[in-house]
There are 2 protein chains.
Amino acid sequence: MNDVEGPVNVGVDFVQSLDRGLRVIRAFSDRHDRLSMADVARATNQSRAATRRFLLTLESLGYLGVDDKRYYLRPRVLELGYAYLSSSTTVEVTQHYLEELSKELNESCSACAYDRGEIVYVARAAADRIMSVNIGVGRRLPAFATSTGRLMLSSLSPAQLDDFFATYPRPALTNKTITDEGELRALIATAGEQGWIINDEEFEHGVRAVAAPVYDASGAMWAAVNISVPASRASMKELESKFLPRLLEVTEQISRDIKR
Amino acid sequence: MNDVEGPVNVGVDFVQSLDRGLRVIRAFSDRHDRLSMADVARATNQSRAATRRFLLTLESLGYLGVDDKRYYLRPRVLELGYAYLSSSTTVEVTQHYLEELSKELNESCSACAYDRGEIVYVARAAADRIMSVNIGVGRRLPAFATSTGRLMLSSLSPAQLDDFFATYPRPALTNKTITDEGELRALIATAGEQGWIINDEEFEHGVRAVAAPVYDASGAMWAAVNISVPASRASMKELESKFLPRLLEVTEQISRDIKR
């Protein structure tokens, strides 16, 4: 599976300035605020002198604006994430099918990839249109507690899965969240064997989800697609009898289309 | 207006490696393909040796994957664009109102910011849900030929507008596209004075749009919102009588909400 990082030894070829500059951009994502130079220096754990050079560079490139000594991201930053979406016909194909499936079922459908202990929404079609842009593409959630995450974890090698359990925290997010390593390993193995998984309010109270995998041309699981449903609208049984069959049809169709 | 770059003199403080690394990420956006080292070197106008270091660095940071010597963007790149969306409550407020307006009118609504001769979609609510993800947030279009672009251009200083006309090309996109500098200057001035503008198939055959501005807390025009309608569904007269009044109500509401 290509989309899980192994250790990449770069050594002398590592361009530290690039790493540090990207950290500066990311420093803005957790804050709904404009940031001062001191804020950014603190968030990125860098000296003010170094931070200043990165801020000035990003400003001169049009990625940051500054107003009254406080910096803010400018829309040019979207180009970077957009590069991912527009370079991937796989994402486009998936988005197309999610829109159809969401319309048909009148429920929200999402495709998530795996990245360092978390899942990342790469496509999404929402049933309820009145929602925050925050629940959109690019959002990250812990893999261990989500249907798509557990499915993606089933595609890791044993060594990668050991590393996952050793590295990432597993806080209980609801009173139903399973956090025990042994139980999770069993659920992940089952998900991989049967090719689907249901999440019963473990990530969020009142929300159930069923997920199935999508495979890319190389045969690797590149994402998992889920249908997310208010618990009041579907029992565990209904998720399996009503939503799962349609989900499996659609994810198999997506995998076929991607391979063409 | 803060969202239009003036010249920023950085000089010795400019971190060239950051600029060049970001270029590498952007090189992927125009190509629906995996890129070899030679492809990236060509696209970014850099030596292979330099390109190699940036590719290795981005790979080790999890932004790029590599398969059979061809590089591809990984979902971590979405974090960067997501930083913009999640750092801006302004975008969230706008997205919320666009969803409502789109639902009410059953037409597509978009908010666009200005960036170096182009408009960038920063929020969007589509009436037709079966559409490509490409017509989404982050997409860029030439400012001179679009309703939102002409409105944003009206907020430039005279010097900035001179620079705009001297710098960016104005190809005819349909047989209706106005490209003459004098005519465009008049249209832009009128848009600024009346606080709205209608575009009659100048950007795309069969599509009309009406746009109005949104102002941020500092009083600067930070974006323009448009309603885009198939020409078959609305005459120029209907756009002005039916859609414009609602659009003005909503954009004024957004501006008020943002200022709170």
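Residues numbered from 1 in each chain as written. Chains lettered and ligands numbered in written order. Predicted model: local features only at pLDDT ≥ 70, side-chain atom pairs only at ≥ 80, totals over all residues. Heavy atoms only, no water.

Under the annotation held in an unreviewed UniProt entry, chain A carries the name IclR family transcriptional regulator and is attributed to Rhodoglobus vestalii.

Undergrad: Summarise unusual backbone geometry; cite the residues concerned and give the values.
TA: Residues and elements named next belong to chain A. Of note in this structure, Asp68 is not a glycine but carries a positive phi near 55 degrees. Positionally, Asp68 belongs in the loop between strand E1 (64-67) and strand E2 (70-73). For Asp68, a relative accessible area of 71% translates into the label exposed. (Helix = DSSP H or I, 4+ residues; strand = E, 2+ residues; numbered from the N terminus. Buried < 20%, exposed > 50% of the residue type's maximum accessible area, 1.4 Å probe, protein only.)

Undergrad: Help me get a handle on the relation of the copies chain A and chain B, residues and values and all.
TA: With an RMSD of 0.0 Å, chain A superimposes on chain B once it is rotated by 180 degrees and translated 0.0 Å along the axis. Such a turn and shift between the copies fits a two-fold axis. Mapped onto chain B, 100% of the interface residues of chain A are again interface residues, and the two copies thus contact each other with one and the same surface. (Least-squares fit on C-alpha atoms with pLDDT ≥ 70 in both. Contact = heavy atoms within 4.5 Å.)

Undergrad: Describe the packing of helix H7 (residues 158-167) of chain B against helix H8 (residues 181-194) of chain B, listing the residues and the values that go with them.
TA: All names here are of chain B. Contact geometry of H7 with H8 gives a least axis separation of 12 Å together with a crossing angle of 140 degrees. For the element pair H7 and H8, the recorded crossing hand is right-handed. Residue-level contacts link Leu161, Asp162 and Phe165 of H7 to Glu181, Leu184, Arg185 and Ile188 of H8. When grouped by side-chain class, the residues that make up the contact of H7 with H8 number four nonpolar, no polar and three charged. (Axes fitted to C-alpha atoms, helices over the stretch in contact; angles between N-to-C directions. Left-handed = near helix turned anticlockwise from the far one by under 90°. Nonpolar A, V, L, I, M, F, W, Y, C, P; charged D, E, K, R; others polar.)

Undergrad: Account for the interface of chain A and chain B, naming residues and giving values.
TA: Listed per partner, the contact involves 78 residues of chain A and 78 residues of chain B. Approximately 7600 Å² of surface area, both sides summed, lies buried where chain A meets chain B, with 60% of it carried by carbon and sulfur atoms. Connecting chain A to chain B are ten salt bridges. Linking A:Arg140 and B:Glu79 is a salt bridge whose minimum nitrogen-to-oxygen distance equals 3.2 Å. At the level of elements, helix H1 (16-27), helix H3 (48-60), E1, E2, helix H4 (78-87), helix H5 (89-105), strand E3 (108-115) and strand E4 (118-125) of chain A are the ones that each hand at least two residues to the side of chain A that touches chain B. Considering each element in turn, the side of chain A that touches chain B owes the most residues, ten residues, to H4(A). (Buried area = accessible area lost by both parts, 1.4 Å probe. Salt bridge = Lys/Arg side-chain N within 4 Å of Asp/Glu carboxyl O.)

Undergrad: How would you summarise the side chain of B:Ser255 if you had to cite specific residues and measurements?
TA: Residues and elements named next belong to chain B. By secondary structure assignment, the location of Ser255 is in helix H9 (residues 236-259). The exposure class of Ser255 is buried, given its relative accessible area of 7%. In this structure the side chain of Ser255 is engaged in a polar contact, spanning 2.9 Å, whose partner is the backbone nitrogen of Tyr215. In this structure Ser255 touches Pro213, Val214 and Tyr215, once residues within four positions along its chain are discounted. (Polar contact = N/O pair within 3.5 Å; in protein donor to acceptor, adjacent residues only side chain to side chain.)

Undergrad: Give a detailed account of H7(B), specifying residues and quantitative values.
TA: All names here are of chain B. Within H7, burial applies to Leu161, Phe164 and Phe165. Considered in projection along H7, the buried side chains sweep an arc of 90 degrees and stay on one side of the axis. Across from the buried face of H7, at angles greater than 90 degrees, the exposed residues are Ala159 and Ala166. Of the surrounding secondary structure, the elements contacted by the buried residues of H7 are strand E3 (108-115), helix H6 (147-153) and H8. (Arc of directions from axis to C-beta.)

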